[in-house]
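# Coordinate inspection notes
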Amino acid sequence: MPLNFFRPVAATRRHLNMFYLLDTSGSMNNAHCIQQLNSAMRDIVPILREVSSANRDHSDIYLSCISFGTEAKLLYRNPVLIDKFEWIDVRAEGLTNLGAAFMLLNEQMKSRKTFGHGDGNLRSAVILMTDGQPDSGWQEQLTELQSNPWFREAFKIAITVGPQAAHPEVQDVMWHFATPLDAGDDHLVIHVSDLARIGSVLRFVSSVVSRVGSQNYGSPTAATGQIADAIEGEFKDEGVVLIFDRAGNDRKPHY
Amino acid sequence: MKNIFTYAGSATGVNHLADGRPCQDRSYAGEVEYAGGNGRAVVLLVSDGHGSVEHYRSDIGAELAIESALEALPHILELFDSRMPSDGVTVSRGVAAASMLSKADDSPVDPLFESTARMFFTRISALWSGKVLGHVADNPLPEPSVQGPAHPYGCTLIGAAVTDRYWFAFQLGDGAVAGVGVDGRTLTPVPGDSRCRHGRTTSMSRHGASDFRYGYSTELPAALMLCTDGISDCMPDAQALTAGIIGPIAEAMLADGSAAVSREIDAELPEMSRAYGGDDVSVALWMNRSALPDVIEALRAQNIAAAFQGYTTAKRELVNTEKSIADIKDSLTANMLVVDDIVDGCWASYDADADMLRENSTLSSLRSRQRQLLDDLDTILLSIENFDRTPSDNQSAGDVQSDTISDCDTILDIDL
């Protein structure tokens with residue numbers, strides 16, 4: 001008799017969920033930061049589509065985007081498959097309610113709409129971009145978020161832009177956000193002082209994270225290290241400051 | 001032991017073939033001689049070399065892991081043989097460090113066995129490291145690895161040894177050990193490890209003796225199977241794994257005989273890779289042919305149960321997806337009414353238009369998922385139709401299928 005293995009569950013591609021937390025406060029209007037952000041988000045779509053179609057382990061990439069100004073907003077109510085994703089420009093106004101963004105992210109990371117039944121999901125990636133001091137209340141929401149198992153094992157990358165974000169208090173916030181938890185050893189915090197580089201940094205980080213995230217790594221440390229190595233290799237010149245905590249080094253940002 | 005069927009095979013993943021990577025899985029089934037008992041044990045081994053670029057020698061690492069286990073096994077079998085109680089005992093132990101959240105860490109601990117097992121794992125790790133360093137000495141790495149010379153060789157290791165009196169299974173990394181008891185029950189002798197999921201795994205190159213998990217029993221199973229994550233990740237649970245793979249093999253073996261079945265599995269493994277996500281796939285099997293007729297009915301029932309589960313899961317997600325689609329359609333309709341009332345050119349108009357465009361993007365993604373889920377449901381129904389079920393009472397296979405789906409929908413009505 002022909003051997004016909006019984007397949008109770010149809011094979012589906014694995015999911016890589018990428019979450020973007022994007023600062024759309026009024027200060028992002030300075031030096032055309034918001035235009036650069038919009039342009040970069042448009043540009044990453046074909047890059048991620050290419051990664052998704054070419055990746056080794058048959059992973060579909062889903063994007064979730066949360067903007068935060070005076071309030072946080074889930075731009076797309078469900079994670080969107082990269083093949084169907086269309087970036088619609090956001091505009092900048094208001095304050096920097098990062099706490100509300102953390103709360104929305106936590107809600108989305110708890111939702112079945114995001115992860116289905118959990119099987120077949122790769123580690124998520126969370127990319128945060130901001131240019132300024134967050135409003136009060138972020139710490140409580142971050143503490144709550146850090147108890148979410150999906151967040152704990154996600155790649156977490158903070159990108160700060162402009163002079164305000166170089167302030168030690170902002171860097172401390174980013175440092176807390178980028179605490180690896182269950183995702184290895186490296187704090188991945190990037191400061192972009194040359195505002196003309198915002199787009200290129202966001203594009204490169206998205207590309208590297210999606211490529212690494214869609215592969216099967218032996219350890220989270222190796223995967224996060226791979227991201228750190230790639231970013232370090234790409235941005236050696238002035239204008240982009242990398243703040244990493246490589247294994248064994250207890251480094252904190254000092255400005 | 002008589003009337004035993006063993007098999008081990010690996011197939012290169014279709015993704016590996018597509019981008020020119022070798023098969024990084026290795027598998028083994030054979031006999032090992034040791035001092036004690038009747039002096040022979042059947043040994044099954046599979047090893048999965050990590051697939052990422054930085055583990056560029058993981059196929060060699062997997063080969064060396066199999067060699068290391070084969071070298072270390074005779075001594076442990078000798079020790080186990082002298083220490084194994086004669087009465088029925090089944091033990092399942094997780095990682096040594098309690099903080100590692102292994103599910104079965106609260107199972108009974110026999111300090112003597114625990115120390116013996118950990119000694120065995122230490123021996124395997126040491127042998128593997130020695131072999132890797134030897135290979136590096138003969139074939140220097142193109143550039144030093146910051147994570148140590150063994151890092152490019154990273155792989156998992158799963159093994160089992162079956163003697164005529166007891167069996168013993170162990171695992172480091174992802175993949176699965178699953179079996180069928182002589183009463184048809186699904187056996188999961190090796191507990192899970194929370195570090196082995198979502199594309200992560202523990203590794204021979206990074207973890208050691210304390211990270212192995214293991215189980216042993218004096219109750220011999222009807223069948224035992226090891227597989228790499230190319231298969232286990234695509235099955236919802238151990239029951240689906242045993243019923244879906246061991247079940248059809250058992251039926252084919254009773255119908256066709258061992259030699260034919262080995263060829264059939266060889267032919268089917270590449271198909272499994274194609275169907276299950278493209279990774280390398282490996283299976284190692286031990287089956288007691290005498291016990292199979294008694295468990296086949298149970299395996300069939302489990303297949304039907306797994307189909308229930310698969311159908312229910314996909315249907316539930318489909319219902320949720322369709323609800324989201326309906327919500328977005330409502331939202332778009334409502335938004336269009338709002339937009340009509342907003343003066344063109346103001347920010348409110350811009351925001352409303354942007355929201356509608358984003359909703360359309362989300363809608364398109366949801367529709368894509370809806371089509372995928374409908375295809376999944378068709379595949380599940382086809383599996384049920386293709387399942388060569390001999391009705392055990394006067395019920396026809398068609399009746400069974402109809403009942404199955406009807407029951408699934410009843411479950412859905414209750415749960416939703």
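Residues numbered from 1 in each chain as written. Chains lettered and ligands numbered in written order. Predicted model: local features only at pLDDT ≥ 70, side-chain atom pairs only at ≥ 80, totals over all residues. Heavy atoms only, no water.

All right, on to the overall build of chain A then. For chain A, the helix and strand inventory stands at 9 helices and 8 strands. Taken across its 255 residues, chain A has 62% of its residues classed as buried. (Helix = DSSP H or I, 4+ residues; strand = E, 2+ residues; numbered from the N terminus. Buried < 20%, exposed > 50% of the residue type's maximum accessible area, 1.4 Å probe, protein only.)

The subject of this paragraph is the pairing of strand 1 (residues 14–23) of chain A. It is a general feature of regular strands that their side chains alternate between the two faces of the sheet. Residues and elements named next belong to chain A. The element strand 1 is largely enclosed, with a buried count of 10 among its 10 residues. Burial of the side chains of strand 1 extends over both faces: Arg 14, Leu 16, Met 18, Tyr 20 and Leu 22 are buried on one face and His 15, Asn 17, Phe 19, Leu 21 and Asp 23 on the other. Summarising the sheet, strand 1 and strand 2 (residues 59–68) pair through 10 bridges and their orientation is parallel. Following the sheet pairing, Met 18 is matched in strand 2 by Leu 63. (Pairing = 2+ DSSP bridges.)

Let's shift gears to the side chain of Thr242(B). Residue and element names in this part refer to chain B. Summarising the element assignment, Thr 242 is placed in helix 5 (residues 238–256). For Thr 242, the side chain forms a polar contact with the main-chain oxygen of Gln 239, separated by 3.0 Å. When neighbours within four sequence positions are excluded, Thr 242 is seen to be in contact with Ala 178, Gly 179, Val 180, Thr 186, Gly 247, Leu 299 and Gln 302. (Polar contact = N/O pair within 3.5 Å; in protein donor to acceptor, adjacent residues only side chain to side chain. Contact = heavy atoms within 4.5 Å.)

Moving on, we get to the packing of helix 2 (residues 58–83) of chain B against helix 3 (residues 111–138) of chain B. All names here are of chain B. At a closest axis distance of 8 Å, the pairing of helix 2 and helix 3 adopts a crossing angle of 150°. On the basis of the axis angle, helix 2 is roughly antiparallel to helix 3. Of the two possible hands of crossing, helix 2 and helix 3 adopt the one that is right-handed. Here the residues of the contact of helix 2 with helix 3 sort into 18 nonpolar, 5 polar and 5 charged. (Axes fitted to C-alpha atoms, helices over the stretch in contact; angles between N-to-C directions. Parallel < 35°, antiparallel > 145°, perpendicular 65-115°, else oblique. Left-handed = near helix turned anticlockwise from the far one by under 90°. Nonpolar A, V, L, I, M, F, W, Y, C, P; charged D, E, K, R; others polar.)

For the rest of this paragraph, the subject is the sheet that holds strand 7 (residues 176–180) of chain B. All names here are of chain B. Across the sheet, 5 strands lie side by side as 1-11-10-7-8; this open sheet has antiparallel pairing. One side of each edge strand has no neighbouring strand; the edge strands of this open sheet are strand 1 (4–11) and strand 8 (186–187). Pairing between strand 10 (residues 223–227) and strand 11 (residues 281–288): 5 bridges, direction antiparallel. Each residue of the ladder has a partner; that of Leu 226, found in strand 11, is Ala 284. Packing against the sheet, helix 5 makes contact with strand 1, strand 7, strand 8, strand 10 and strand 11, and its axis sits at approximately 55° to strand 7. Those strands touched by helix 6 (residues 258–276) are strand 1 and strand 11, and its axis lies near 30° from that of strand 1.

Per the counting criterion, the structure on display carries 20 salt bridges over all chains. Between Arg77(A) and Glu359(B) there is a salt bridge, with its nearest N and O atoms 2.6 Å apart. Within this pair, whereas Arg77(A) is found in the loop between strand 3 (72–74) and strand 4 (80–81), its partner Glu359(B) is found in helix 8 (residues 347–386), the two belonging to separate chains. Given the relative accessible area of 30%, Arg77(A) is considered partly exposed. With a shortest N-O distance of 3.5 Å, Asp327(B) and Lys323(B) are connected by a salt bridge. A residue pair is termed a helical-turn pair when its members lie 3 or 4 positions apart in one helix, as Asp327(B) and Lys323(B) do in helix 7 (residues 292–341) at 4 residues. (Salt bridge = Lys/Arg side-chain N within 4 Å of Asp/Glu carboxyl O.)

Residues and elements named next belong to chain A. In the Ramachandran plot, Ala 31 falls in the positive-phi region, its phi being about 50° despite a non-glycine side chain. Along the polypeptide, Ala 31 turns up in the loop between strand 1 and helix 1 (33–54). Even without being a glycine, His 32 presents a positive backbone phi close to 60°. Mapped onto the secondary structure, His 32 falls in the loop between strand 1 and helix 1. Overall, the relative accessible area of 53% leaves His 32 in the exposed class.

Residue and element names in this part refer to chain B. Strand order in the open sheet made by the 6 strands is 2-3-5-6-9-4, with antiparallel pairing throughout. Strands with a single pairing partner mark the edges of an open sheet, and in this sheet they are strand 2 (25–33) and strand 4 (90–93). Pairwise comparison of adjacent strand axes, ignoring direction, gives a mean angle of 10° for this sheet. Along the sheet, helix 2 makes contact with strand 2, strand 3 (40–48), strand 5 (157–162), strand 6 (167–172) and strand 9 (213–217), crossing strand 2 at roughly 25°. Seen against the sheet, helix 3 touches strand 4, strand 5, strand 6 and strand 9 and runs at an angle of roughly 130° to strand 9.

To continue, consider helix 6 of chain B. Residue and element names in this part refer to chain B. Helix length check: helix 6, at 19 residues, gives a terminal C-alpha distance of 25 Å against a target of 27 Å (1.5 Å per residue), a fit within 8%. Along its length, helix 6 shows its largest kink, about 30°, at Glu 268, and proline Pro 270 lies within four residues downstream of that point. When helix 6 is considered as a whole, its buried residues turn out to be Ser 258, Ala 260, Val 261, Ser 262, Glu 264, Ile 265, Glu 268, Leu 269, Met 272, Ser 273 and Tyr 276. Against strand 1, helix 1 (14–18), helix 4 (229–232), helix 5 and strand 11 lie the buried residues of helix 6. (Expected span 1.5 Å × (residues − 1). Bend = angle between axes of the 7 residues up to and from the residue.)

Attention shifts here to the confidence of the model for chain A. This prediction gives chain A a mean pLDDT of 84; 83% of its residues lie at or above 70. Across residues 247–255 of chain A the pLDDT falls below 50, and counting only partners more than four positions away or on other chains, this stretch makes 17 contacts in the model. (pLDDT = per-residue confidence, 0-100.)

Residues and elements named next belong to chain A. With 16 residues, helix 8 (residues 198–213) extends 22 Å from end C-alpha to end C-alpha; this agrees with the ideal 22 Å at 1.5 Å per step. For helix 8, the tally of buried residues reaches 12 of 16 residues, placing the bulk of the element in the interior. Buried within helix 8 we find Ile 198, Gly 199, Val 201, Leu 202, Val 205, Ser 206, Ser 207, Val 208, Val 209, Ser 210, Val 212 and Gly 213.

Let's shift gears to the packing of helix 1 of chain A against helix 8 of chain A. Residues and elements named next belong to chain A. Between helix 1 and helix 8, the least distance of the axes is 8 Å, while the angle of their chain directions is 25°. As judged from the angle between their axes, helix 1 and helix 8 are roughly parallel. Note on packing geometry: the crossing formed by helix 1 with helix 8 is right-handed. From helix 1, Cys 33, Gln 36, Ala 40, Met 41, Asp 43, Ile 44, Ile 47, Leu 48, Glu 50 and Val 51 reach across to helix 8, where they touch Ile 198, Gly 199, Leu 202, Arg 203, Ser 206, Ser 207, Ser 210 and Arg 211.

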